[in-house]
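# Chain and residue survey
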Amino acid sequence: MFPGSMGLDALKRDDGKSSANLLDVLSADPAKLRASLEEADAATLMLVLVQITGDRSLLARARPHISGPMNYHEKMPVELRSEIRMRLADALLDHARTGKALPPIPDGEDLREMLSIAVGEDVSADYVSMMREDLEAIQPDPRGLNWRHEPAPEKLAAFPVVIIGAGMSGVCAGIRLKEAGIPFSIIEKNSAVGGSWYENFYPGCGVDTPNHFYSYSFFLNHDWSHFFAKRDELWSYFEDATDRYAIREHIQFETEVVSADYDDASATWTVTTRTSDGRTEQLSAKSVISAVGVLNRPKLPDIPGRDTFAGVALHTAQWDAGLDLSGKTVVMIGTGASGQQVGPTIAPDVAQLTILQRSPHWVVPNPNYFAEVSDGMKWALAHIPSFARWYRFQLFWAFADGLHASLQVDPTWDDGGKSISQINARHRLYMERYLRAKLGEDSPLIEKVTPSYPPYGKRILIDNNWFDMLQRPNVELVTDQIAKIVPEGVVMADGRTIEADVLIYATGFQASKMLAPMKITGKQGRDLHQFWGPDDATAYLGTMVPEFPNFFILMGPNTGLAHGGNVIFITECQVRLILACLQEVLEGDAKAIDVRHKAHDDYVAEVDALHANMVWTHKGLTNWYRNDAGRVFALLPYRLVDYWKMTKDFRREDFLLS
Ligand code: N01
């Protein structure tokens with residue numbers, strides 16, 4: 001459609017949730033429209049108003065009042081908020097009545113200015129094309145596979161793909177392959193989809209990236225009950241996506257992939273599977289996509305006597321749904337993202353909770369963390385054109401790229417290792433002030449909970465009443481070293497025995513052994529784990545390893561995010577790259593695509609060079625993102641917009657077709 005003739009409905013992309021005609025919805029109930037706008041974020045509404053009216057004078061008026069992060073509208077004068085809401089309602093109703101054309105979707109400097117004002121910071125021109133992709137509502141979605149020369153059905157039928165895992169990333173890959181007409185099956189070890197969100201159901205389990213960002217770009221959910229949903233709602237979301245795109249029929253549940261072996265001559269993968277009742281089977285595939293994730297094999301600490309404990313011991317990721325903790329004496333080891341959700345949730349029920357902390361985490365408050373999404377906000381997300389996309393960008397900035405500068409080391413900055421730059425120091429000051437305000441200036445807890453390392457060195461956690469919990473009479477935070485575990489509980493280095501009925505291991509995952517325990521062999525029997533060594537996984541764009549043709553890794557090496565971000569965004573970028581690779585094979589004469597050694601090595605060298613100047617390699621800092629040699633194998637050093645571009649712009653010269 002010629003942009004100048006665009007109407008309101010054209011701005012509403014098919015997000016898979018509601019397809020009612022927008023004009024009908026708006027004109028049917030003007031009172032509902034006005035009431036809903038009262039509950040929706042005025043800064044976000046302002047962006048929609050500018051977009052659909054072309055009246056850019058509002059930007060200058062709003063600019064002084066918008067600054068991050070989140071809840072931007074609260075800083076706006078009440079009169080300005082009212083004016084925005086009134087004018088937007090009038091504009092939408094006018095469009096609904098007259099059907100008149102909208103101005104073209106902003107581009108170039110106009111869009112860059114809007115993006116900057118949306119988040120109250122200068123946003124570079126790099127974000128313009130990415131945001132255009134979100135606003136344009138182009139169908140078919142450019143993030144899917146759009147054939148230049150659609151292969152014959154027989155050719156597609158002869159190219160089966162096996163996806164390993166039906167978690168968030170495997171389902172995403174399945175959806176896109178299905179759209180492209182490429183046959184696939186998904187092998188899933190569990191009896192349900194959802195991966196981490198299926199396996200983890202410890203008390204308080206939920207997300208710490210806001211849901212309106214932490215969701216597939218093509219399957220927005222406008223009905224999240226909370227800004228930060230808990231596990232059941234998240235799991236349902238992935239179940240819904242599986243059904244909406246009819247992926248379930250492709251999944252073989254309760255089956256594990258044991259190995260995948262490539263045969264050079266036939267360019268075929270043989271995938272060996274084992275069902276939960278022990279039967280093995282072999283599948284033939286032209287391509288294999290590993291979507292097994294990285295945080296799925298619990299790590300139990302190597303503490304002497306661990307097996308001697310006489311009570312109930314369990315890891316957060318292997319929770320017992322029938323476990324009743326009321327009145328129990330509980331010891332929890334670990335204060336990372338899982339521990340900080342478990343602790344405050346169980347503390348009111350247990351007789352005594354002792355938390356054994358090896359090192360503290362930085363904790364930040366978030367005004368929306370416990371908040372419900374109002375009905376008006378849900379309505380606006382579902383019905384106001386582009387509102388959900390603008391809101392998503394504001395979250396993207398506040399939880400991802402807007403934080404990227406605070407991860408960079410300023411070599412001239414020296415405050416004794418407490419921070420890495422002026423901006424990083426500002427974050428430190430903010431969080432120190434917060435924890436002091438929560439605990440009281442004289443609290444002996446302050447020293448225990450204040451990290452010595454810079455902010456973002458480990459994942460920053462959103463305050464889930466952690467500091468309130470620590471002040472409960474039945475909670476104790478112990479920071480001494482653990483000596484051993486005995487039948488009655490845990491013995492500390494100073495000889496104190498802390499008795500326990502229940503011992504909770506909130507001790508994280510074996511992240512460095514990527515793709516284990518599967519055995520993957522590529523060209524000429526090359527073994528993936530031998531290539532990587534025990535803990536040094538690498539891949540081109542985190543996705544491809546040389547001499548493993550047509551083999552792709554989702555959420556692979558250096559694709560994780562520890563400062564916030566959204567792994568669904570990363571997965572969608574990776575799937576786009578995979579689709580481009582498969583397109584090269586299927587539209588041409590080649591049977592397989594492989595990444596060149598040089599492209600892989602150059603990429604890894606660049607990743608390492610970037611990491612050398614980022615917070616995660618800070619001297620003395622420990623985290624699970626690095627291997628024994630100190631190399632950051634887990635995290636992406638780039639801004640999300642960079643990774644989006646690198647995976648979108650297919651560099652044919654980086655690949656070998658055979
Ligand atoms: O695991 P972790 P997690 N003795 O590795 C401690 C995602 N996630 O399950 O910091 C004593 O972060 C260890 O201490 P230290 C998210 O990506 C997200 O909590 O190494 N303590 C640490 O305190 C996250 O990053 C969400 O000194 C020992 C803790 O155990 C990732 O999963 C929720 C120890 C482990 O923390 C992993 O988080 C949950 C020992 N021997 C998970 N060994 C949300 O989105 C380890 N520790 C909300």
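Residues numbered from 1 in each chain as written. Predicted model: local features only at pLDDT ≥ 70, side-chain atom pairs only at ≥ 80, totals over all residues. Heavy atoms only, no water.

### Here we look at the domain arrangement of the chain
As assigned here, the chain comprises domain 1 (8–142 + 381–398) and domain 2 (159–193 + 247–295 + 511–592 + 633–657). One C-alpha centre belongs to domain 1, the other to domain 2, and the line joining them spans 36 Å. With 9 residues of domain 1 in contact, the opposing surface of domain 2 contributes 8 residues. Together domain 1 and domain 2 conceal approximately 770 Å² of surface at their shared face, both sides included; 51% is due to carbon and sulfur atoms. (Domains from an automatic or database assignment. Contact = heavy atoms within 4.5 Å. Buried area = accessible area lost by both parts, 1.4 Å probe.)

### So, the sheet that holds strand β3 (residues 251–252)
Sheet architecture is open: 5 strands sit in the order β3-β2-β1-β7-β19, paired in parallel fashion. Bordering the open sheet on either side are β3 and β19 (551–553), each of which pairs with just one other strand. Of the pairings in the sheet, the one linking strand β1 (residues 161–164) to strand β2 (residues 184–187) comprises 4 bridges and is parallel in character. Across the sheet, I163 pairs through a bridge with I186, a residue of β2. Relative to β19, helix α19 (residues 567–587) is tilted by about 170°, and along the sheet it contacts β7 (287–290) and β19. (Pairing = 2+ DSSP bridges. Helix = DSSP H or I, 4+ residues; strand = E, 2+ residues; numbered from the N terminus. Axes fitted to C-alpha atoms, helices over the stretch in contact; angles between N-to-C directions.)

### Quick word on the packing of helix α3 (residues 42–53) against helix α6 (residues 108–119)
Running from amino to carboxyl end, α3 crosses α6 at an angle of 160°, the nearest separation of the two axes being 10 Å. By the angle class used here, α3 and α6 are roughly antiparallel. Handedness of the crossing formed by α3 with α6: right-handed. From α3, M46, L47, V50 and Q51 reach across to α6, where they touch M114, I117 and A118. (Parallel < 35°, antiparallel > 145°, perpendicular 65-115°, else oblique. Left-handed = near helix turned anticlockwise from the far one by under 90°.)

### A word on the site of the ligand
Taken together, the neighbourhood of the ligand is formed by 23 residues, with A337, S338, R358, S359 and K458 sitting nearest. The separation between an oxygen atom of the ligand and a polar side-chain atom of S338 is 2.6 Å. Out of a free accessible area of 910 Å², the ligand has 86% covered by protein chains. If one sorts the elements of the shell around the ligand by residue count, helix α12 (residues 337–346) sits on top with 3 residues. (Near = heavy atom within 4 Å. Polar contact = N/O pair within 3.5 Å; in protein donor to acceptor, adjacent residues only side chain to side chain. Areas by Shrake-Rupley, 256 points an atom, 1.4 Å probe, with all protein chains shown as cover.)

### Comments concerning the sheet that holds strand β16 (residues 497–499)
Read across the open sheet, the 3 strands follow the order β14-β15-β16; overall the sheet is antiparallel. Two strands bound the open sheet, and with one partner strand each, they are β14 (482–486) and β16. The sheet shows a mean angle of 25° between the axes of neighbouring strands, direction not considered. Here β14 pairs with strand β15 (residues 489–492) via 4 bridges, running antiparallel. Looking across to β15, one finds that I482 is bridged to M492.

### A word on the pattern of salt bridges
All chains considered together, the criterion is met by 43 salt bridges. With its nearest N and O atoms 3.0 Å apart, the salt bridge here joins R112 to D122. With R112 in helix α6 and D122 in the loop between α6 and α7 (127–135), this pair connects stretches of sequence that are 10 residues apart. With a relative accessible area of 63%, D122 lands in the exposed category. (Salt bridge = Lys/Arg side-chain N within 4 Å of Asp/Glu carboxyl O. Buried < 20%, exposed > 50% of the residue type's maximum accessible area, 1.4 Å probe, protein only.)

### A word on helix α11 (residues 231–244)
In this model, α11 (14 residues) spans 20 Å end to end at C-alpha, consistent with the 20 Å of a helix rising 1.5 Å per residue. Turning to α11, its buried residues are R231, L234, Y237, F238, E239, A241 and T242. Residues of α11 that are buried in the fold lie against α9 (168–180), α10 (196–199), β3 and α19. Just downstream of α11 lies A246, where phi reads positive at about 50°. (Expected span 1.5 Å × (residues − 1).)

### Describing unusual backbone geometry
Of the consecutive residues A516 and P517, the connecting peptide bond is found in the cis state with omega at 5°. Counting through the fold element by element, P517 comes out in the loop between β17 (502–505) and β18 (519–521). A positive phi angle, close to 65°, is found at N465, a residue other than glycine. The topology assignment puts N465 in the loop between β12 (461–462) and α17 (466–470).

### A look at the packing of aromatic side chains
Under the counting rule described, the total for this entry stands at 30 aromatic pairs. A ring pair is formed by Y127 and W397, whose centres lie 5.3 Å apart and whose planes are at 75°; its orientation type is edge-to-face. Taken together, the residues Y127 in helix α7 and W397 in helix α14 (residues 387–399) connect sequence positions 270 residues apart. Each member of the pair, Y127 as well as W397, is classed as buried. Measuring from ring centre to ring centre gives 5.2 Å for F228 and Y369, while their planes differ by 55°; the resulting arrangement is tilted. With F228 in the loop between α10 and α11 and Y369 in the loop between β11 (363–364) and α13 (375–383), this pair connects stretches of sequence that are 141 residues apart. Classification of F228 by relative accessible area gives buried; the value is 3%. Under the relative-accessibility criterion, Y369 is labelled buried at 4%. These aromatic residues form a ring-pair network of at least three members: Y216, F218, F219, W224, Y237, F238 and Y245. Here R244 stacks its cationic end above the ring of Y245, 4.9 Å away from the centre of that ring. (Phe/Tyr/Trp six-rings, centres within 6.5 Å; stacked < 30°, edge-to-face > 60°. Lys NZ or Arg CZ within 6 Å of the ring centre and 35° of its normal.)

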